[in-house]
Structure formats: C-alpha cells, structure tokens
Amino acid sequence: MGKLRRFLGLFVCFVTLIFVSNSFGAGYTCPDLKKYISCNTNKHLTSTEVGNSCVDCPDNSESNGTTTYCTCKTGYANPDGIEQGQVVNGQECTAVETEPVSCTTLQHMNSDGTECLSCPYNSTSEGGTAEYCNCDEGYSNPDNIEQGQVVNGETCTIKSAPSLIYSLTLEANGGAIDISDFDNCSATDTGAQCSCTNGVCNLPATSAMTRDGYQALGWAKSNSATSAEYTTKITISANTTLYAVWDANCIPITIDANDGDMGDTPATIYKIDDPNTNIFYSDSLCKTQITKLSAVPTRTGYKLQGLFDHETGVGNMYFDSEGNFYEGTGTSYYLDGQTLYAHWLACDYTVEFDANGGSGTMESVTWTYGAAHNYPANEFTRDGYTFTGWSTKSTGTAEYPTVPWGTIEDLSTTCDDTVTLYAIWEENEDDKITITFSCGEGQEKQTLPESFKVDFGEEFTIDQDPADYCKRDGYYIPSQQNKYTQKTWEVVVDNTGNKYSLCKDQDYCKTISISNAGAKTATATPVWEPNMIFMRYTVNGTDRFVINHLGDEPEFGEMYPSCVYGETFTFAELSSDAYE
C-alpha cells in the first residue's frame, strides 16, 4: 500500500512538469491528454478542450493569448465586414475604407496614419498628419534635446538652465576685510570683488572686518549708512556694490583755556580712537564732524595762537587762532592725549607821542602787554613851560609824572592798537601874572569867568561883557549905555595898585599889557558909573527943574544943575508958591 502511494505521487508530479513546460512552447501540439489555457500574445487557442493548441493570429489582428479568436485592429474588418471583428487562424482582416484623419496641434498621427494620439504635456505639434510633437521652449525630449521630438507616451522635461553669475563689489569703507574663506572673492585695493552664482552671495562676517577705532556692524548699499542692511548673505539680480558699516569708538577731548576765558567755546569735543587719523566731532557718538570750533577762548591783552596738545612749549597745533582745524600738523600728528590747550601770545601795541602845544618830534615805540616800560624821555620843548610828565589825555595833570620817575605798562589790551601819550606842561610862574575876576562892590548875576594867565608885557583883552556877570544898584557900566569911553573892566595889580582900564571900541584901550612889577596876580572888576539925576524947576509957572534917571540926556539941550545918586541936594528957591 505504501509503495502504491509513492508511485501515484511521482506520476502526478511527472505529468504536471511536462504540462507546464510544454505550455510555454509556441505552436506546441499537446498530446491528447494535455489542455492549454493560454497562449503567447498575438496567438489564440484552438479550443478550450483537452488536446487544444495555440495558433497565430491572422495579419492585422491581435490577441492577448487567452481567447479562441483574434480581433482585427482599428481600421480593419473580419470576413463578415465587421470592423475590429473576430477572426481565427486562416481568416483575413481586410482594411476598412475611412475618411482621412486630421489631428490638432495638441495631437500627432499614429504610425499607421489612422489615429490621432495626444501630445505629451509641455509639447505641441503642427497638427494635421504630423507624426510627432515638439517640446515647448525650456523643455527637452528623452534624449535631452531642447524642443526635441516626442510622441504619445514620452515626456518633455525642464531643460537645465545655465547658472547666472553676478558681480558683488565689497568696499571696506576705510577698514579691511578678511576673505581667506571665500573662494569666489579676490582682494582689491579697497576691499574685494566677488562672483555670485544665481545671485546668491555669502558675506564676510563682522569678525572678519577690522578698522582702528571702529567696530563692524555689517554691510549696506550706502557708504554713509549708520546701520547694517546685510550681515551674512545677500541675493542680488544685478551687479551690486556693498559698503562696510562701522560704529566709531568715540573718545572725549577736553579744551583747556590755559589762563584764558572759555566763553562760548565747547568744553568737550570728540574724536575716533584711531591712531591713524584726527577727525573731530561735536557729539559723543562721533556722527557730526566739525572742521571749525563754534567759538575759541579769549584772554585780556593776549591773542590766541591756537589749540595745542601740550600745555606749555611748542607742541602740535590742531586748531588755529580762529578755531579752524589746522591741517598743517593736525593731519600729521595723532592726538594721543585727551586735552587741547590754548597757547597765548602777549599783544603788541604802538605808542605815539604828542607835543600837546610844544614843538619837536618823537619816534613812536612798540610795547608789549604785561611788560613794564620806563617813562619815555621827553624830546619836546615849549617856551614858558616846564614838562611835568605824560598822560593819555591832552588836558589835566600828568598820569605819569616826572616826579617820581617810574614805569608804564598795559596802556592797551588790544593787539596792534595805537595809543597816544600827551606831553603835559606847566607854565613857568615867574613870567606870568594871573588875572582873576570880581564884581567889586556889585553883586554876581552868574558865575564869573575863570581866571587866566598872561605873560608880563603880553597884550591881552577881556572879551566877556561885565554887564553879563555883575550888577550894582544906582550904577551902570559905560559900555552898556554906549557912554563916553565905553569902559568895561578895570584891572588892578595886587600889591601895587596899578590900574589898567579896558574899553569896548576905543583902540587905545581895547587891549592892555601889564609890566612885571613883582606881583603875581591882578583883579578885573567892572567900571561902575553912578546913575545921574538932571533937574529943572518951575516957580510961579516958570520951568526951574526936570528929573531923568539912568543917565538919559535932558529933554532940552541946556544943562541944568545936577546931583549924584546918593548925594543930598538943597532946593534954594523952593517955596510953596512953586507948586501948582
């Protein structure tokens, strides 16, 4: 029983192996005990019974190998005239008469010219009977040919575009750039030149940017930017220039007037802590550059030479006397201190000399403020006078007298000024007499004229009218009434009693001179004349007297007895009959 089971098992395996191997053979005629269930493509089964076989499809027909017939292709018909009808081996598929096929621009004709097939995406055809389509611009066929030919079932792919290269110029803007890590950059005198593939460029980091006195902030498109627009990367679509952006390390610089007056001078200015440059600013952020100070220190009697980096000595000047930045040394010597000192030069002034009534000449001299100078020796002369010293005024006493002899200093605090010293004279008393004024027995109407001096023997006159200054009851001055000699003043020499009369219009007395009689003074008083009373009187109808005052002439030409003001007059013939 066991042997039979083993035999049957081996037999079944053998039959199965033969059947399977024969099923792959084309046109193989299976023994009567075999049965095919499928054939190769374009073959058909002769039947579905055991002992069947696989045979070729007629021309212009096709089969998937599992049917007992084949199907005519499109445009062909079976013997019954049915398009795409069923046929078997031994039959024919005949062409079917059809209208010509015309395709659109989105189609192409199949190889048989019987059917329009769709163009692949991103392609078009010429339409009609075109047998292929062309890839659109920017696309290529399977062979990577741009705008190449494709047919249904193929694809058009994007053609790889060439890389776009843009130039990026990096300006260090006063600093330096380290580009050792950038293969796409090369150094220039002012920075670097870089190439950016497809417009994308990496930028040197701030750690690769250096400048004395500054710290890097990044990059910007303006060379005067105060903040960064880019730090590590930029995307550009055209050639571009970027400038390094720096933030200054700002330090204060103090201005010292050095014994002067600061006034409106800024006490502090600022500069960048850069050992290679001297640029000054008005603000602590070093943003507003200055080339001239708004004001400079002043000092009485001195002129400013400039602002220097040393308190004393020569040093280096950074601002001149007008506050302008001095490029002579300011750009050559770095200011390593933190103070600028005013340097001063004492003013020079010219002294001229005026004879002030004397004669002669004296050369002018130049003196310096703060220095003492001996009184200049007088070279002027004046007859009848003695030199007593010098003064800055032409009148009055000497400010710098000869006794005691001393020094003069600081006549002016203004540089290049001119000062005049006047010679002061004193009349020699032995040769002169002083004339003073007095109203005598009269009274002053106003302050009398000041006294004056004249030389002995010198002709002089007194122009002032005594009537303007003096008055006296019962008296008048002859010049006032145009009387007789028209006398005005009488000059009496003190101690001697010598008298000299002046008159108004008489040539012989308009001027007088006084001889030296040993006296030093004389007094001028008005010439007084008493007011006269002229009388006529009438007795029993006969005129005998008339009275006129202030010296008026009588009404008639005949002179009558008269009396003087203040005297007693006796009417010898006066009686009661004399009055009417």
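Remember, it's a predicted structure, so these values are computed and weren't measured experimentally. (Residues numbered from 1 in each chain as written. Predicted model: local features only at pLDDT ≥ 70, side-chain atom pairs only at ≥ 80, totals over all residues. Heavy atoms only, no water.)

Asker: Account for the nonpolar core, with residues named and values stated.
Answerer: Grouped together as the largest cluster of nonpolar side chains are 26 residues, with contacts concentrated most on L168, L170, L203, W219, I234 and L242. Those elements giving two or more residues to this core turn out to be strand 15 (165-171), strand 18 (191-197), strand 21 (214-220), strand 23 (240-248) and strand 25 (268-272). Broken down by element, the residue count for this core peaks at four residues, all from strand 23. Ranked by size, the runner-up nonpolar core spans 24 residues in total, among them V454, W489, V491 and I514. (Core = buried A, V, L, I, M, F, W, Y, C linked by side-chain atoms within 4.5 Å. Buried < 20%, exposed > 50% of the residue type's maximum accessible area, 1.4 Å probe, protein only. Helix = DSSP H or I, 4+ residues; strand = E, 2+ residues; numbered from the N terminus.)

Asker: Quick one: what's the story with the side chain of T488, residue by residue and with numbers?
Answerer: On the secondary structure map, T488 appears in strand 43 (residues 487-493). Overall, T488 belongs to the buried group, its relative accessible area being 9%. Look past the residues within four positions of T488 in its chain and what remains in contact with it is P466, I477, S479, L502, C503, K504, T525, P526 and V527. (Contact = heavy atoms within 4.5 Å.)

Asker: Give me the layout of surface pockets: which residues, what numbers.
Answerer: Its volume calculated, the largest pocket comes out at about 320 Å³. Forming the boundary of the largest pocket are 15 residues, of which R211, Y214, A225, W246 and C286 lie nearest the centre. Ranked by residue count, the leading element in the lining of the largest pocket is strand 23, at three residues. Tallied by class, residues from the lining of the largest pocket come to nine nonpolar, four polar and two charged. (1 Å grid on protein atoms, 1.4 Å probe; cavity = no way out; pocket = protein on both sides within 12 Å on 5 of 7 lines; lining within 4 Å. Points joined across faces, edges and corners; volume = space filled by probe spheres on them. Nonpolar A, V, L, I, M, F, W, Y, C, P; charged D, E, K, R; others polar.)

Asker: Which residues make up the sheet that holds strand 13 (residues 149-150), and what values go with them?
Answerer: If you trace the three strands from one edge of the open sheet to the other, you get 10-11-13, paired in antiparallel fashion. Among the strands making up the open sheet, the edge pair consists of strand 10 (123-124) and strand 13. Sheet topology places strand 11 (residues 133-135) next to strand 13; two bridges connect them, and they run antiparallel. Counterpart to C133 in the pairing with strand 13 is V150. (Pairing = 2+ DSSP bridges.)

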